[in-house]
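Residue strings, one per chain:
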Amino acid sequence: MDKKSDSKKNNHKQKMQKLKESVDASIAAATTEKGIGILLTGDGKGKTSSALGMVLRSLGYGFKVGVVQFIKGAHPSGEAKFFLHNHPDITFHQMGTGFTWETQDRDGDIKAALETWAIAENMLKDESYYLVVLDELTYMLSFKYLDEERVLKTLNSRPKNQTVVVTGRGGGKALRDWADTVSEVKEVKHAFNSGIMAREGVDY
Ligand code: ATP
Ligand code: MG
């Protein structure tokens, strides 16, 4: 072994030792055990699919999961098809009115939003739900279909060990303040914008 490669190895070892110290210190500093509030927002693709990734993880450990989808298009999504037929530990509910620009019926949308929120509220009061996903909830607040104060009050008084994931663009300051983890997915490019059709199993 020549001297040059020896010193390279030593450098690497020292760097990794330092990194390990820093990672270990961060792990030791995280001592609070509680469910997390997570907001996945931004204009890029990946918010709902990330939330569904956490659903998969929780189900893997045998935890009970609730998913409430506040806006859906004409096609039933792949996740709806899967969860409605394949898993006993999940309660899945879709508002099912279609996109708001298609229904063009504000009163009908508000009624549907309130009915759907009532289902979410029950999950947020039930500690047997380990994870609750409120998909596209941000739009219900920005369209003022749901009262932000009421929503936040319920989110804040949920069971201590329950994790809640909220998805959707925007979201506003109150939701960002509520969340422990906020990720903003940035669009760099999206296939649809170069004329490629949305794909089953990938986009819905
Ligand atoms: P996904 O469900 O794929 O994780 P998302 O939840 O981040 O996407 P939404 O705003 O809920 O994004 O939109 C859902 C649908 O719109 C998906 O089919 C997604 O591929 C598509 N989409 C998301 N972002 C964009 C974008 N920037 N331009 C065009 N279409 C998009
Ligand atoms: Mg989405």
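Here, the structure is the one placed above.
The structure displayed is predicted, hence computed values, not measured ones.

Definitions and limits used
- Residues numbered from 1 in each chain as written.
- Chains lettered and ligands numbered in written order.
- Predicted model: local features only at pLDDT ≥ 70, side-chain atom pairs only at ≥ 80, totals over all residues.
- Heavy atoms only, no water.
- Phe/Tyr/Trp six-rings, centres within 6.5 Å; stacked < 30°, edge-to-face > 60°.
- Buried < 20%, exposed > 50% of the residue type's maximum accessible area, 1.4 Å probe, protein only.
- Near = heavy atom within 4 Å.
- Polar contact = N/O pair within 3.5 Å; in protein donor to acceptor, adjacent residues only side chain to side chain.
- Areas by Shrake-Rupley, 256 points an atom, 1.4 Å probe, with all protein chains shown as cover.
- Core = buried A, V, L, I, M, F, W, Y, C linked by side-chain atoms within 4.5 Å.
- Helix = DSSP H or I, 4+ residues; strand = E, 2+ residues; numbered from the N terminus.
- Contact = heavy atoms within 4.5 Å.

Enquirer: Looking at this model, I keep getting lost on the packing of aromatic side chains. Mind explaining?
Expert: The geometry of an aromatic ring pair is captured by the separation of the ring centres together with the interplanar angle, meaning the angle of the planes. Using the criterion set out here, one finds six aromatic pairs in the structure. Between Phe82 and Phe83 the ring centres are 5.5 Å apart and the planes differ by 70°, which places this aromatic pair in the edge-to-face class. Ring geometry for Phe83 and Phe92: centres 5.8 Å apart, planes at 40°, overall tilted. With respect to burial, Phe83 and Phe92 carry one shared label: buried.

Enquirer: Is there a simple way to think about the site of ligand 1 in this case?
Expert: Around ligand 1 sit 13 residues, and of these Lys45, Lys47, Ser49, Glu187 and Asp203 come closest. Ser49 places a polar side-chain atom, nitrogen or oxygen, 2.4 Å from an oxygen atom of ligand 1. Note that an oxygen atom of ligand 1 is positioned 3.0 Å from one of the side-chain N or O atoms of His190. When isolated, ligand 1 has an accessible area of 580 Å², and the protein chains bury 80% of it.

Enquirer: Explain the nonpolar core here, please?
Expert: The tendency in soluble globular proteins is for nonpolar side chains to be buried as a group. With 28 residues, the main nonpolar core has Phe70, Trp117, Leu134, Leu137, Met140, Leu146 and Leu155 as its most contacted residues. Elements with a contribution of two residues or more to this core: helix H5 (106–124), strand E4 (129–135), helix H6 (137–142), helix H7 (148–156), strand E5 (163–167) and helix H8 (172–178). Broken down by element, the residue count for this core peaks at six residues, all from H5. Those residues in contact with Phe70 that sit more than four places away from it in its chain are Met95, Ala113, Thr116, Trp117, Ala120, Leu134, Asp135, Glu136, Leu137, Met140 and Leu146. Core analysis: the next-biggest nonpolar cluster, separate from the first, contains 16 residues, Val65, Ala80, Phe83 and Phe92 among them.

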